[in-house]
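Residue-level structure breakdown
Chain by chain, the residues run as shown.
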Amino acid sequence: MSAIRAIGRTLFAAVKADTSSASSAAAAAASTARTKHNPLEDFFEADRSPDDDKPVVYGRGWKASELRLKSWDDLQKLWFVLLKEKNMLMTQRQMLHAQNLRFANPERISKVRKSMCRIKHVLTERASEEPDPRRSAEMKRMINAL
């Protein structure tokens, strides 16, 4: 995990160096208005303090019964949160694989994938139960596009 942090910090420093070459007045105005968010940060986990020796415990996947209670919009939001998490985990796994290092928690990827499959399953159930065939077909097209 320290290799990921080191690579992530190197990438962030490089991006900051590129952005710092812009005019200092514009940068100062932007920093006072709001803090800048580097989009590359989304592909890396947040750093933990080095004095944390206890292992990190990650949550479980979503159950279909829990997902059935959620609205269509909530499921769509959850889908994109899981997609972002999956992209972050796959990026970390690929970086570690390139350096011949071991990915710390490979089961996290399978939890995210299973949750995404369960969301699709619940949405397909709802589309099949739709009495209007046109609306049902439209819902199935939207689900397949996910």
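Nothing here was measured: the structure is a model prediction, and the numbers come from that model. (Residues numbered from 1 in each chain as written. Predicted model: local features only at pLDDT ≥ 70, side-chain atom pairs only at ≥ 80, totals over all residues. Heavy atoms only, no water.)

1. Considering the overall build of the protein chain
Where we set the bar: Put simply, DSSP H or I for four residues or longer makes a helix, DSSP E for two residues or longer makes a strand, and each gets a number counted from the N terminus. The rule is simple: take the accessible area with a 1.4 Å probe, protein chains only, and divide by the maximum for that residue type; under 20% is buried, over 50% is exposed, in between is partly exposed. We call two residues in contact whenever any of their non-hydrogen atoms come within 4.5 Å of each other. Where accessible areas are quoted, they stem from the Shrake-Rupley method and a 1.4 Å probe; at the residue level, only the protein chains shown are allowed to cover.
From N to C terminus, the protein chain includes six helices and zero strands. The helix and strand sequence of the protein chain, counted from the amino end, reads α-α-α-α-α-α. Per-residue burial over the protein chain gives 22% buried out of 146 residues. If you take every contact in the protein chain between residues at least 6 apart in sequence, the share linking residues at least 24 apart comes to 69%. Surface summary for the protein chain: the accessible area is close to 10400 Å², and the carbon and sulfur share equals 56%.

2. Things to note about helix 4 (residues 72–98)
For clarity, the threshold we go by: Residue count minus one, scaled by 1.5 Å, sets the expected span of a helix.
The terminal C-alpha atoms of helix 4, which comprises 27 residues, lie 39 Å apart, in line with the 39 Å expected from a rise of 1.5 Å per residue. All of the buried residues in helix 4 are Leu-75, Leu-78, Trp-79, Leu-82, Met-88, Leu-89, Gln-92, Met-95 and Leu-96. Positioned one or two residues after helix 4, Asn-100 has a phi angle of 60 degrees, which is positive.

3. A look at the packing of aromatic side chains
So the rule is basically this: Two aromatic rings, drawn from Phe, Tyr or Trp (for Trp, its six-membered ring), form a pair once their centres lie within 6.5 Å of each other, and the interplanar angle then sorts them: stacked below 30 degrees, edge-to-face above 60, tilted otherwise. We call a charge positioned over a ring when the NZ of a Lys or the CZ of an Arg lies within 6 Å of the ring centre and within 35 degrees of the ring normal.
One pass over the full model with this rule turns up zero aromatic pairs. Residue placement shows Arg-108 over the ring face of Tyr-58; its charged tip is 3.8 Å from the ring centre.

4. Points about the nonpolar core
Quick reminder of the rule: Each nonpolar core is a collection of buried residues, namely Ala, Val, Leu, Ile, Met, Phe, Trp, Tyr and Cys, held together in the definition by side-chain atoms within 4.5 Å.
Judged by nonpolar contacts, the single largest core of 19 residues is most densely connected at Leu-67, Leu-75, Leu-82, Leu-89 and Ile-119. Only helix 3 (64–67), helix 4, helix 5 (107–129) and helix 6 (133–145) provide two or more residues apiece to this core. Excluding its chain neighbours within four sequence positions, the residues that come into contact with Leu-67 are Trp-62, Leu-75, Leu-78, Ser-115, Arg-118, Ile-119, Val-122 and Arg-126.

5. Section: the pattern of salt bridges
The following threshold applies: Counted as salt bridges are all cases of a side-chain nitrogen of Lys or Arg within 4 Å of a carboxyl oxygen of Asp or Glu.
Taken as a whole and assessed by the stated rule, the structure comprises four salt bridges. One salt bridge connects Arg-68 with Glu-125, and the closest N-O pair in it is separated by 3.0 Å. Of this pair, Arg-68 sits in the loop between helix 3 and helix 4 while Glu-125 sits in helix 5, and the two are 57 residues apart along the sequence. Residue Arg-135 pairs with Glu-130 through a salt bridge whose shortest N-O separation is 3.8 Å.

6. Looking at helix 6
To keep it simple, the criterion reads: Comment: arc refers to directions from the helix axis out to C-beta atoms.
Taking 1.5 Å of rise per residue, the 13 residues of helix 6 would be expected to cover 18 Å, and the 18 Å separating its terminal C-alpha atoms lies within 8% of that figure. Among all positions in helix 6, only Ser-136, Met-139 and Ile-143 are buried. Projected down its long axis, helix 6 shows its buried positions confined to an angular sector of 65 degrees, all on one face. Exposed side chains of helix 6 directed beyond 90 degrees from the buried face belong to Arg-134, Arg-141, Asn-144 and Ala-145.

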